[in-house]
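Given next are the chains, with one letter for each unit.
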Amino acid sequence: MAGLPPIASRRDFMRTASGAALAVAASGVPSPSQAAPGKRRYAIVGTGHRASGMWGKQLLTRHPDAVEVVGLCDINPLRAEAARELIGVSCLTFTSFEKMCDETRPELLMVTTVDAEHARYIVAALERGIQVITEKPMIVDEVQCQAVLDAEKRTGRRIVVAFNYRYSPKHRKVKELLASGAIGRVTSVDFSWYLDVYHGADYFRRWHRLRAKGGTLFVHKATHHFDLMNWWLDADPVQVFASGDLKRYGAQGAFRHTHCRTCPFKERCQFHFDMTKDPRLMRLYADCESADGYHRDGCVFREDVDIFDTMSALVRYSNDVTMAYSVNAFMPFEGHRVAFNGELGRLEMRDYERQPWDVEPETEIVLVRSFGKRERIPIEKGEGGHAGGDNALYQAIFGGAEVPSHMRLPGSRAGALSCLTGIAARKSVDEQRPVRISELVRL
Ligand SMILES: NC(=O)c1ccc[n+]([C@@H]2O[C@H](COP(=O)([O-])OP(=O)(O)OC[C@H]3O[C@@H](n4cnc5c(N)ncnc54)[C@H](O)[C@@H]3O)[C@@H](O)[C@H]2O)c1
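Here is a short report on the structure shown in this document.

What counts, and where the lines are drawn
- Residues numbered from 1 in each chain as written.
- Predicted model: local features only at pLDDT ≥ 70, side-chain atom pairs only at ≥ 80, totals over all residues.
- Heavy atoms only, no water.
- Helix = DSSP H or I, 4+ residues; strand = E, 2+ residues; numbered from the N terminus.
- Rg over C-alpha atoms; globule rule 2.2 N^0.38 Å.
- Buried < 20%, exposed > 50% of the residue type's maximum accessible area, 1.4 Å probe, protein only.
- Contact = heavy atoms within 4.5 Å.
- Lys, Arg positive; Asp, Glu negative; His and termini not counted.
- Charge placed at Lys NZ, Arg CZ, Asp CG, Glu CD.
- Axes fitted to C-alpha atoms, helices over the stretch in contact; angles between N-to-C directions.
- Parallel < 35°, antiparallel > 145°, perpendicular 65-115°, else oblique.
- Left-handed = near helix turned anticlockwise from the far one by under 90°.
- Nonpolar A, V, L, I, M, F, W, Y, C, P; charged D, E, K, R; others polar.
- Near = heavy atom within 4 Å.
- Polar contact = N/O pair within 3.5 Å; in protein donor to acceptor, adjacent residues only side chain to side chain.
- Areas by Shrake-Rupley, 256 points an atom, 1.4 Å probe, with all protein chains shown as cover.
- Salt bridge = Lys/Arg side-chain N within 4 Å of Asp/Glu carboxyl O.
- Pairing = 2+ DSSP bridges.
- 1 Å grid on protein atoms, 1.4 Å probe; cavity = no way out; pocket = protein on both sides within 12 Å on 5 of 7 lines; lining within 4 Å.
- Points joined across faces, edges and corners; volume = space filled by probe spheres on them.
- Core = buried A, V, L, I, M, F, W, Y, C linked by side-chain atoms within 4.5 Å.
- Disulfide = S-S within 2.5 Å.

### Considerations on the overall build of the chain
Right, so step 1: Across its full length, the chain holds 14 helices and 17 strands.
Right, so step 2: For the chain, the C-alpha radius of gyration of 22 Å lies close to 22 Å, the compact-globule estimate for 443 residues.
Right, so step 3: In terms of overall dimensions, the chain has C-alpha extents of about 65 × 55 × 45 Å along its principal axes.
Right, so step 4: Counting every position in the chain, which comprises 443 residues, the buried fraction comes to 57%.
Right, so step 5: Contacts in the chain between residues far apart in sequence, at least 24 positions, make up 72% of those at least 6 positions apart.
Right, so step 6: A distance of 2 Å separates the average location of the 60 positive side-chain charges in the chain from that of its 55 negative side-chain charges.

### Focus: the packing of helix α5 (residues 142–155) against helix α14 (residues 412–431)
Describing two packed helices takes the angle between their axes plus the distance from one axis to the other.
Right, so step 1: Direction vectors running N to C along α5 and α14 enclose 165°, while the axes themselves pass 10 Å from each other. Judged on the interaxial angle alone, α14 and α5 are roughly antiparallel. α5 and α14 meet at a crossing whose hand is left-handed. Between α5, through Glu142, Cys145, Leu149 and Glu152, and α14, the contact on the second element is made entirely by Ser412, Ala416, Leu420, Ile423 and Lys427.
Right, so step 2: Its residues placed into classes, the contact of α5 with α14 shows 5 nonpolar, 1 polar and 3 charged.

### Notes on the site of the ligand
Right, so step 1: Around the ligand there are 26 residues in total, and Asp74, Arg79, Asp115, Tyr121 and Tyr285 lie nearest to it.
Right, so step 2: At 3.1 Å, a side-chain N or O of His386 approaches an oxygen atom of the ligand.
Right, so step 3: Here the ligand loses 93% of its free accessible area of 840 Å² to cover by the protein chains.
Right, so step 4: Listed by contribution, the elements that provide at least two residues to the shell around the ligand are α1 (49–62) and α4 (118–127).

### With respect to the pattern of salt bridges
Right, so step 1: A full pass over the atoms with the stated rule returns 35 salt bridges.
Right, so step 2: Glu81 is paired through a salt bridge with Arg84; the nearest N and O atoms lie 2.7 Å apart. One end of the pair is Glu81 and the other is Arg84, both in helix α2 (residues 77–87) and 3 residues apart, which spans about a single turn.
Right, so step 3: On the accessibility criterion, Glu81 (31% relative accessible area) is partly exposed.
Right, so step 4: Note that Arg283 is salt-bridged to Asp287, the shortest N-O span being 3.4 Å.
Right, so step 5: The structure contains a network of salt bridges with shared partners spanning Glu142, Lys427, Glu431, Arg433 and Glu439.

### What about the sheet that holds strand β10 (residues 237–245)?
Right, so step 1: The 9 strands lie next to each other as β16-β15-β14-β13-β9-β12-β11-β10-β17, forming an open sheet whose pairing is mixed. In this open sheet, the two strands that pair with only one neighbour each are β16 (374–377) and β17 (435–436).
Right, so step 2: Across 8 bridges, the pairing between strand β9 (residues 186–196) and strand β13 (residues 334–342) is antiparallel. Residue pairing in the sheet places Val189 in a bridge with Phe340 of β13.

### Focus on the sheet that holds strand β5 (residues 92–94)
Right, so step 1: Read across the open sheet, the 6 strands follow the order β5-β4-β3-β6-β7-β8; overall the sheet is parallel. Two strands bound the open sheet, and with one partner strand each, they are β5 and β8 (160–161).
Right, so step 2: Note: strand β6 (residues 108–111) against strand β7 (residues 131–134), 4 bridges, orientation parallel. Among the inter-strand pairings, Met110 is bridged to a residue of β7, identified as Ile133.

### Observations concerning empty space enclosed by the protein
Right, so step 1: Across all of its chains, the model carries 1 cavity of 30 Å³ or more by this definition.
Right, so step 2: Here the largest cavity defines a volume of roughly 100 Å³.
Right, so step 3: In terms of lining, the largest cavity is formed by 15 residues, of which the most central are Cys260, Cys263, Cys269, Cys299 and Val300.
Right, so step 4: Residue classes in the lining of the largest cavity are distributed as 9 nonpolar, 4 polar and 2 charged.

### Details of the nonpolar core
Right, so step 1: Trp55, Val189, Met229, Trp232 and Phe340 are the most contacted members of the largest nonpolar core, which totals 119 residues.
Right, so step 2: It is α14 that provides the largest number of residues to this core, a total of 9 residues.
Right, so step 3: Ignoring sequence-local partners within four residues, the contact set of Trp232 consists of His171, Val174, Lys175, Leu178, Phe191, Val338, Phe340 and Met349.
Right, so step 4: The next biggest cluster of nonpolar side chains, apart from the first, holds 9 residues, and it includes Met275, Leu281, Tyr285 and Tyr294.

### Observations concerning the state of the cysteines
Such a bond, covalent and formed between the sulfur atoms of two cysteines, is termed a disulfide.
Right, so step 1: A complete count under the given rule lists 0 disulfides for this structure.
Right, so step 2: This cysteine, Cys73, is not joined by any disulfide, and Cys101 carries the nearest cysteine sulfur, 8.0 Å off.
Right, so step 3: Since its relative accessible area comes to 1%, Cys73 is described here as buried.
Right, so step 4: Of all cysteine sulfurs, the one in Cys299 lies closest to Cys263, which takes part in no disulfide; the gap is 6.1 Å.
Right, so step 5: Cys263 gets classed as buried once you look at its relative accessible area, which sits at 12%.

Now the structure itself:
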């Protein structure tokens, strides 16, 4: 079993990569008959961009029979209203999670708040017997990690972590090639992620610029990359030694303001971002500023930026592989390059997401066999967000079809280990020493 079984025949569980059965129903949770026939009672906490798009409007469009949205909760009541409008539903909105659960009795909760708040909603929902899907990163520090793992043990329930990157055809292809033994035993990996002056800069405009909210890009962003690597290698991280600096954004700027719309430097700032051209962003954020003062077009040069824009890490895995990893957040192009060195050859992937020159195709996977030939590997093109990962993830969760074991839904172990790699990296920068994963939590 891969995803959520249909309600008519469901036995109240779903299965994760670990093979664990996930309880959906528990005492106190409404019976399925209280939802529209065949649909799960579905609530979302944190109703911003990801909630209203991927886990709201798009989900209802692609899988209209999967869920019925019964409640939307956000600390910003105006944004909860805006999300309801954008999703196109007529459910109740809340600022209190407890009130939402009491009044709407969801069966399934989607957690899409800012990163630092995921853990407390995951734990609260598990305690109430509600099935949880959380956006990445599952947690931002080791204390939250232990709380989520302990809550699962205590309640006997398992969560799903929405690792869409695993589901894009190009990343699946890498997994399949490595598992087939194409390069023999992997010995080391080079992995570089390039965030450009548009997408990379966007992290420094928003709440992500504060480590208290997103745990630094070593956690917020790299959880995707570290999860891919754990999955690709079929191994756990053991030790991390890292460096991190802030070289371009934050206090590095020659001038600054609060946000772009009212900025006196807009004519000369290359990072000026005009969100007034995007009606969706205006509705979701500008129209809601009176409630929380949050600026979606915040200045990338604000002095409170306390995350890194230049990061590298050396990670050692349980199968003795070492990975040299880097993320840079002000590159002239966007994409990534990963290369696996193996005893029988080398597997390389170069992903070209955006660059000031023409590239065909967008993703290139090349297999070079030692003493042999170079072979270009064909890749199916994914449709929709995140190179097809978003649509394939819906299918894995709501489609109900059998999938190979390596495509089963990721759970808390994957959520934890990917974040712990980043948490260890952050700690390594702070304390200038290698950090072992086993120092952080009891898995
Ligand atoms: N898997 C992916 O590819 C992907 C892509 C984008 C975002 N995400 C994840 O989705 C989550 C949301 O990101 P986003 O881009 O929608 O951000 P966003 O800023 O648009 O939305 C976050 C929302 O959380 C709300 N919030 C903050 N604290 C809260 C609290 N204590 N209780 C309830 N609501 C609270 C904010 O008011 C805001 O509406 C993040 O965790 C992010 O990492 C994942």
